[in-house]
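Inside the fold
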Amino acid sequence: MEPQQIRAGYLVKKRNLLNSWKVVWVVLSDDAVEFYKKMTDSSPKGMIPLKGATLTSPCQDFGKKMLVFKVTTERHQAHFFQASHLEDREVWTRDIKRALACLDRGMKFTRKSTRRSIRLPDTVNMSEMYNAMRNKDSGLKEMTVEQEKKTFNQCFTGTMVIDWLVSAERARNRGEAMMLAIGLLNEGFLQPANEMSKSAAESKTESTLLDQPDAIYYFADSGFYSEGNSSDEDVLRNEEFRGLIVKQGCLLKQGHRRKNWKVRKFTLRDDPAYMHYYDPTKDAEEPLGSIHLRGSVVTALEYVPDAKKHDVDGNLFEIITSDETHYFLQATTEKERKDWIQAIQEVSRTGK
């Protein structure tokens with residue numbers, strides 16, 4: 001049986017022989033972690049078997065590096081990865097934990113087995129429901145919550161999820177809505193944000209999502225972030241610029257002079273309306289550069305002029321700023337490209 005792909009995306013990996021870190025394309029399946037030089041490569045540079053492996057997160061083996069986690073194989077080989085932001089690390093480590101647990105029990109990955117356990121009909125389209133929930137006009141409204149000396153941005157409560165499913169007539173009552181909400185959580189569309197929701201999500205009970213006003217969740221592809229963590233490992237660097245983070249993550253960016261493409265970590269903020277980009281392999285707090293979005297235009301592209309096709313294949317978009325500077329970027333998936341374009345368009349209209 002073919003391995004099931006669970007998650008894929010860019011992470012920074014420590015090279016075993018050289019004392020350096022490099023951005024790689026990582027694919028998590030139900031029995032291994034494969035990593036590639038770039039997303040379009042047909043064969044991996046390496047493979048980490050998960051059978052008998054252990055996960056360490058947060059990993060504090062490197063004092064100056066944040067957001068690191070470690071996968072140690074059954075033969076005691078350690079592999080270190082660094083995520084671009086806290087929520088990115090959490091979704092990776094949560095899925096790796098589930099994959100390890102399923103291997104230990106001789107089961108398939110849990111995200112595919114939750115429908116039967118919660119009696120969810122096969123006819124329910126989770127992707128369609130999630131998109132409706134994300135609708136800016138009629139969907140679930142995100143908010144800022146202060147709790148436990150922390151501030152959670154762009155999130156919502158478990159009670160709000162159930163309320164929306166009932167009010168949107170996706171469920172006839174709160175019991176049906178609970179089954180749908182658990183399905184959305186177990187299939188990765190919703191993510192737990194605070195300790196209460198995380199404990200429930202990792203429990204062995206069926207009620208992995210809580211219908212409670214103190215249980216906080218967020219959309220998997222949103223710009224959620226939290227502030228006020230006491231651990232240096234988990235503190236996000238959100239104070240170097242004012243304004244709310246709208247979206248963040250890694251994209252490929254074309255250089256202006258050499259026209260070469262490199263992975264950059266982007267943070268999109270609404271005040272001022274900028275996209276700041278960083279080298280994800282380094283811990284520098286100052287960005288490499290910034291794109292001023294006020295009055296800019298962003299469009300999807302099929303190809304980039306003068307670019308080598310094998311370097312940039314699909315999911316491209318272009319930002320043209322008010323001073324007519326052109327930036328070419330590549331997302332990892334068509335959905336991610338659409339989400340970035342929508343977020344940039346909104347900030348370019350409303351940001352300062």
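Structure report, in brief. (Residues numbered from 1 in each chain as written. Predicted model: local features only at pLDDT ≥ 70, side-chain atom pairs only at ≥ 80, totals over all residues. Heavy atoms only, no water.)

Before going further, it helps to examine the overall build of the protein chain. Scanning the protein chain for helices and strands turns up seven helices and 19 strands. Residues counted as buried form 53% of the 352 residues belonging to the protein chain. Total accessible area on the protein chain stands at roughly 18,100 Å², and carbon and sulfur atoms take up 47% of it. (Helix = DSSP H or I, 4+ residues; strand = E, 2+ residues; numbered from the N terminus. Buried < 20%, exposed > 50% of the residue type's maximum accessible area, 1.4 Å probe, protein only. Areas by Shrake-Rupley, 256 points an atom, 1.4 Å probe, with all protein chains shown as cover.)

The next point concerns the sheet that holds strand β17 (residues 297-301). Read across the open sheet, the seven strands follow the order β16-β15-β14-β13-β19-β18-β17; overall the sheet is antiparallel. Since the sheet does not close on itself, it has two edges, and those belong to β16 (289-292) and β17, each with one partner. Across the sheet, the mean angle from the axis of one strand to that of its neighbour is 35 degrees, orientation sign disregarded. Note: strand β13 (residues 245-254) against strand β19 (residues 326-330), two bridges, orientation antiparallel. Across the sheet, residue Leu 252 finds its bridge partner in β19, namely Gln 330. Of the strands in this sheet, β13, β14 (261-270), β15 (273-278), β17 and β18 (316-320) touch helix α7 (residues 334-350), which is tilted by about 120 degrees from β13. (Pairing = 2+ DSSP bridges. Axes fitted to C-alpha atoms, helices over the stretch in contact; angles between N-to-C directions. Contact = heavy atoms within 4.5 Å.)

Here the focus is a negative patch on the surface. A cluster of acidic residues, Glu 148, Glu 195, Glu 202 and Asp 214, forms a negative patch on the protein surface. In this structure, Glu 202 sits in the loop between α6 (195-201) and β11 (216-219). Since its relative accessible area comes to 52%, Glu 202 is described here as exposed. (Patch = residues over 30% accessible without salt bridge, like charges linked within 9 Å, V, L, I, M, F, W, Y side chains within 5 Å. Salt bridge = Lys/Arg side-chain N within 4 Å of Asp/Glu carboxyl O. Lys, Arg positive; Asp, Glu negative; His and termini not counted. Charge placed at Lys NZ, Arg CZ, Asp CG, Glu CD.)

For the pair helix α4 (residues 158-167) and helix α5 (residues 174-186), interaxial distance at closest approach is 9 Å and the crossing angle is 115 degrees. Here α4 lies roughly perpendicular to α5, going by the angle between them. By crossing handedness, the relation of α4 to α5 is classed as right-handed. Contacts between α4 and α5 involve Thr 159, Val 161, Ile 162, Asp 163, Leu 165 and Val 166 from the first element and Arg 174, Ala 177, Met 178, Leu 180 and Ala 181 from the second. Of the residues contributing to the contact of α4 with α5, the split by class is eight nonpolar, one polar and two charged. (Parallel < 35°, antiparallel > 145°, perpendicular 65-115°, else oblique. Left-handed = near helix turned anticlockwise from the far one by under 90°. Nonpolar A, V, L, I, M, F, W, Y, C, P; charged D, E, K, R; others polar.)

With the rule as written, the count across this model stands at four cavities of 30 Å³ or more. Empty space within the second largest cavity amounts to approximately 50 Å³. Looking at the second largest cavity, it is lined by 10 residues, and the ones nearest its centre are Arg 94, Arg 98, Leu 185, Gly 188 and Gln 191. Looking at the lining of the second largest cavity, the elements with two or more residues in it are α1 (86-105) and β10 (190-192). For the lining of the second largest cavity, the element with the highest residue contribution is α1, accounting for four residues. Looking at the lining of the second largest cavity, its residues break down into four nonpolar, two polar and four charged. (1 Å grid on protein atoms, 1.4 Å probe; cavity = no way out; pocket = protein on both sides within 12 Å on 5 of 7 lines; lining within 4 Å. Points joined across faces, edges and corners; volume = space filled by probe spheres on them.)

Turning our eyes to something else, we now look at the sheet that holds strand β6 (residues 68-72). To summarise the sheet geometry, strands pair through backbone hydrogen bonds and adopt either a parallel or an antiparallel arrangement. Pairing is antiparallel in the open sheet, where seven strands are placed in the order β4-β3-β2-β1-β7-β6-β5. Looking at strand neighbours, the two that pair on one side only are β4 (46-49) and β5 (54-56), the edges of this open sheet. Neighbour to neighbour, the strand axes of the sheet diverge by 35 degrees on average, direction disregarded. As paired elements, strand β3 (residues 32-36) and β4 share four bridges and run antiparallel to each other. Considered in β4, the bridge of Val 33 is made with Ile 48.

The N-to-C vectors of helix α3 (residues 126-133) and α5 enclose an angle of 95 degrees; their axes lie 11 Å apart at closest approach. If you check the angle between α3 and α5, you find them roughly perpendicular. Facing Met 126, Met 129, Tyr 130 and Met 133 of α3, the residues of α5 in contact are Leu 180, Gly 183 and Leu 184. Here the contact of α3 with α5 is built from residues that sort into six nonpolar, one polar and no charged.

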